[in-house]
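Each chain is listed here by its residues.
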Amino acid sequence: AACHATISAGWAVDLGEAPLVAEGLAYMSVTHQTLGSHKDQSPPTAVWSSATGTPGPVARTLQFVTTAHAGEFHKIANDASLQPEYVALKRGYFQHRIITFDDPAVLLGAALNAVGPLGTTALAADLAPTVEECVVVAVAAVLGSRADFFNLHAATSLYAVLAMIAHLDTDPAAQRDALAHWWRSAMAVLVAQDLAGHAEVASLLKQWSEDKERTVPDTKDKPWRAAMVTAFADGVQDEHLAKGVYVLSRWSGERSFSAATSRMCRAAGELLVCPRDDGGSLDKNMWFSAPPVDFKGFYHGKEKDAD
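As a starting point, this report considers the structure included with it. (Residues numbered from 1 in each chain as written. Predicted model: local features only at pLDDT ≥ 70, side-chain atom pairs only at ≥ 80, totals over all residues. Heavy atoms only, no water.)

For the pair helix α9 (residues 149-165) and helix α13 (residues 239-252), the least separation of the axes is 10 Å and the interaxial angle reads 50 degrees. With respect to α13, the element α9 is oriented oblique. Remark: the crossing between α9 and α13 carries left-handed chirality. Touching Phe149, Leu152, His153, Ala155, Thr156, Leu158, Tyr159 and Leu162 of α9 are His240, Lys243, Gly244, Tyr246, Val247, Arg250 and Trp251, all from α13. (Axes fitted to C-alpha atoms, helices over the stretch in contact; angles between N-to-C directions. Helix = DSSP H or I, 4+ residues; strand = E, 2+ residues; numbered from the N terminus. Parallel < 35°, antiparallel > 145°, perpendicular 65-115°, else oblique. Left-handed = near helix turned anticlockwise from the far one by under 90°. Contact = heavy atoms within 4.5 Å.)

All right, on to the layout of surface pockets then. There is about 620 Å³ of room inside the largest pocket. Around the largest pocket, the lining comprises 25 residues; the ones closest to its centre are Thr6, Met28, His32, His181 and Trp182. Among the elements of the structure, α1 (4-15), α2 (18-31), α9 and α10 (172-192) are those that each provide at least two residues to the lining of the largest pocket. With eight residues, α10 is the largest single contributor of residues to the lining of the largest pocket. Grouping the constituent residues of the lining of the largest pocket by class yields 16 nonpolar, eight polar and one charged. When its volume is computed, the second largest pocket comes out at roughly 360 Å³. Residue lining of the second largest pocket: 13 residues in total, with Val131, Leu162, Trp251, Glu254 and Phe257 positioned closest to the centre. The element contributing the most residues to the lining of the second largest pocket is α9, with four residues. Looking at the lining of the second largest pocket, its residues break down into nine nonpolar, one polar and three charged. (1 Å grid on protein atoms, 1.4 Å probe; cavity = no way out; pocket = protein on both sides within 12 Å on 5 of 7 lines; lining within 4 Å. Points joined across faces, edges and corners; volume = space filled by probe spheres on them. Nonpolar A, V, L, I, M, F, W, Y, C, P; charged D, E, K, R; others polar.)

Here's what the structure looks like:
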């Protein structure tokens, strides 16, 4: 349930279904986690800052996944989650590992705080650049983890957050607060999943940082119609696949985003609809089934545009 409450509320907002919005907001209120941002955590830190020069989502993610002790984070979370007080919660081992970020004794929240506040655009400025970087972090996690089920939830929960903050246009501080807390949840998911594909995630983010400065447009045909048909086809039982492809198609077509972001979204969409079991079924794609797929073929290393 690490991302489900946000997904429930945000997708209901997107659909305009008031009863479901109310249900989703209630779900959020009873499952809220500060993920290390509570005042009792040390070192205390603001979750975001619009001060010039503060690293944004891409730079902060690189900082977190490459920190000296990042390789130990999953073991710390897992060891704590196996203690009797956690097991007694009966919320599932993945969720228990997420909860460790709110335990001052475990120090994972402190490690996240030590990275520093998430840099955003100034309050009076357009939020689009910060939104784009959050999208890039989410999509890189999907690609780098080979479509890990939980990292896909982090991506679809970002779509939900964006749907909700569109209604907070008179409160730019609240919009930034929501994005900063989403970013913290995405980092917690990476840790809970053993920093799934963190080396690949870091590589993708570095590649995007280089590509975004290039002005060459993304000219490759975007196979979204075919991907949508595949994702929604009769016999495909996993609704996560359909939601993932839908979100990626929306982000790929966002005009305020760079060509590098569009390419990354397209690559993730292609990965989601690539059959990875002997029978050609897509239903196992979302369950981290050790697919025989070279993810680099979907984004970097094989798509160098001419300068």
